[in-house]
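# Summary of the model geometry
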Amino acid sequence: MLPRWDHGDAVRLTRNVRNDGTFPGVPTGGLLVRRGRIGHVRGVGTFLQNQIIYAVHFLDEGRLVGCREDELLGVNEAWIESRFEVRQRVRALRPLAVDGKVRVPGGSRGEILNLERSANQGVVYRTHFDCFAGVALWVPEAALGAWRRSDDD
C-alpha cells in the first residue's frame, strides 16, 4: 500500500467533506470543504492499517482536513463538476426505462448512492428510487432534479 501523493502535492477534493464530530468549532455535519476545492498534502498516514489518509491543507478555507485517497484527484486530472452528492435526495425529471419498460415514473423520489465522472458521458449517478425497490439504476445528470419537501405534498 503506497501513497499516490506526497507532501506538497496539489490535489482536488471529489466530494464535500463534513464534520464527523472531530473538527472543533464546526457543528457535527457542518460543511468543512466543498468538492472541487484544491489543497496541498501536508502529511500521509493510515487508518486501520488498510486505508491511506492524507492531511490536506485547504488554504482558502484555512483548514487541515483528513481525506481518503478515493476522495482526491491530482490537480491536473480531468475534473467534471457534478450537481448532486452521494446520499442526496433527487427526483426523476422524466420516466426512466429499463429494456424498454418504464420502471421509474417521472417525479419519483430517489437517493444518490454513488457517481462517476466521464469525459464521454458527463456525470452519471447510481440512484436508488423508492418505487423500484432493491435495484439501483445508473442515471445521467440531465434526467435528475433536486428533491424538495414540497415534492411530497
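All figures in this text were calculated on a predicted structure; none of them were measured in a lab. (Residues numbered from 1 in each chain as written. Predicted model: local features only at pLDDT ≥ 70, side-chain atom pairs only at ≥ 80, totals over all residues. Heavy atoms only, no water.)

## A few points about the packing of aromatic side chains
The line we're drawing: Think of it this way: a Phe, Tyr or Trp ring, Trp meaning its six-membered ring, pairs with another when their centres are within 6.5 Å, and the plane angle makes it stacked under 30 degrees, edge-to-face over 60, tilted otherwise. Numbering of helices and strands runs from the N terminus, with a helix taken as a DSSP run of H or I at least four residues long and a strand as a DSSP run of E at least two residues long. Type-normalised accessible area, obtained with a 1.4 Å probe on protein chains alone, sets the label of each residue: buried when under 20%, exposed when over 50%, and partly exposed for intermediate values.
Summed over all chains, the structure comprises 2 aromatic pairs. Where W5 meets Y54, the ring centres are 5.5 Å apart and the plane angle is 70 degrees; that geometry is what we call edge-to-face. Taken together, the residues span a long stretch of sequence, with W5 in the segment before β1 (10–13) and Y54 in strand β5 (residues 51–58) at a distance of 49 residues. When sorted by exposure, W5 lands in the same class as Y54, which is buried. When the centroid spacing of 5.6 Å and the interplanar angle of 70 degrees are considered together, the rings of F84 and Y125 count as edge-to-face.

## Notes on the sheet that holds strand β12 (residues 122–129)
Stated precisely, the cut-off is as follows: Pairs of strands are assigned from DSSP output, requiring at least two bridges between the strands. Only the stretch in contact is used when a helix axis is fitted, and all axes are lines through C-alpha atoms; the angle between N-to-C directions ranges over 0 to 180 degrees.
The strand order across the open sheet formed by 5 strands is β13-β12-β11-β8-β14, and the pairing between neighbours is antiparallel. At either margin of the open sheet sits one strand with a lone partner, and together these are β13 (136–140) and β14 (144–146). In this sheet, adjacent strand axes meet at a mean angle of 50 degrees when their direction is disregarded. When strand β8 (residues 89–92) meets β14, the two strands line up antiparallel, connected through 3 bridges. Along β14, the bridge assignment pairs R91 with G145.

## Some thoughts on the environment of A10
We count it as follows: The contact criterion used is simple: two residues touch if any of their non-hydrogen atoms lie within 4.5 Å.
Tracing the backbone shows A10 in strand β1. Excluding residues within four positions of it along the chain, A10 makes contact with I38, G39, H40, G74 and V75.

## Brief notes about the layout of surface pockets
Defined as follows: Using protein atoms alone on a 1 Å grid, points that fit a 1.4 Å probe yet trap it form a cavity, whereas open point sets bounded by protein on both sides within 12 Å along at least five of seven lines form a pocket; residues with an atom within 4 Å of a point count as lining. Grid points are joined across faces, edges and corners, and a volume is the space filled by probe spheres set on the points. For this scheme, ten residues count as nonpolar: Ala, Val, Leu, Ile, Met, Phe, Trp, Tyr, Cys and Pro. Four count as charged, namely Asp, Glu, Lys and Arg, and the remainder, Gly too, count as polar.
The computed volume of the largest pocket comes to approximately 580 Å³. Every residue lining the largest pocket is counted, 19 residues in all, and those nearest its centre are N16, V17, R18, E71 and R87. It is strand β6 (residues 63–68) that contributes the most residues to the lining of the largest pocket, 5 residues altogether. A per-class count over the lining of the largest pocket returns 8 nonpolar, 4 polar and 7 charged. Its volume calculated, the second largest pocket comes out at about 280 Å³. Around the second largest pocket, the lining comprises 16 residues; the ones closest to its centre are T14, D70, L115, E116 and R117. Broken down by class, the residue content of the lining of the second largest pocket amounts to 7 nonpolar, 3 polar and 6 charged.

## Considering the side chain of S108
If you trace the backbone, S108 turns up in the loop between β10 (101–104) and β11 (109–118). When its relative accessible area of 11% is taken as the criterion, S108 is described as buried. Ignoring any residue separated from it by four or fewer positions in sequence, one finds S108 in contact with V90, R91, A92, F129 and C131.

## Digging into unusual backbone geometry
A positive phi angle is found at R87, which is not glycine, with a value near 75 degrees. Summarising the element assignment, R87 is placed in the loop between β7 (72–74) and β8. Backbone geometry places D99, a non-glycine residue, at a positive phi of 50 degrees. If you trace the backbone, D99 turns up in the loop between β9 (96–98) and β10.

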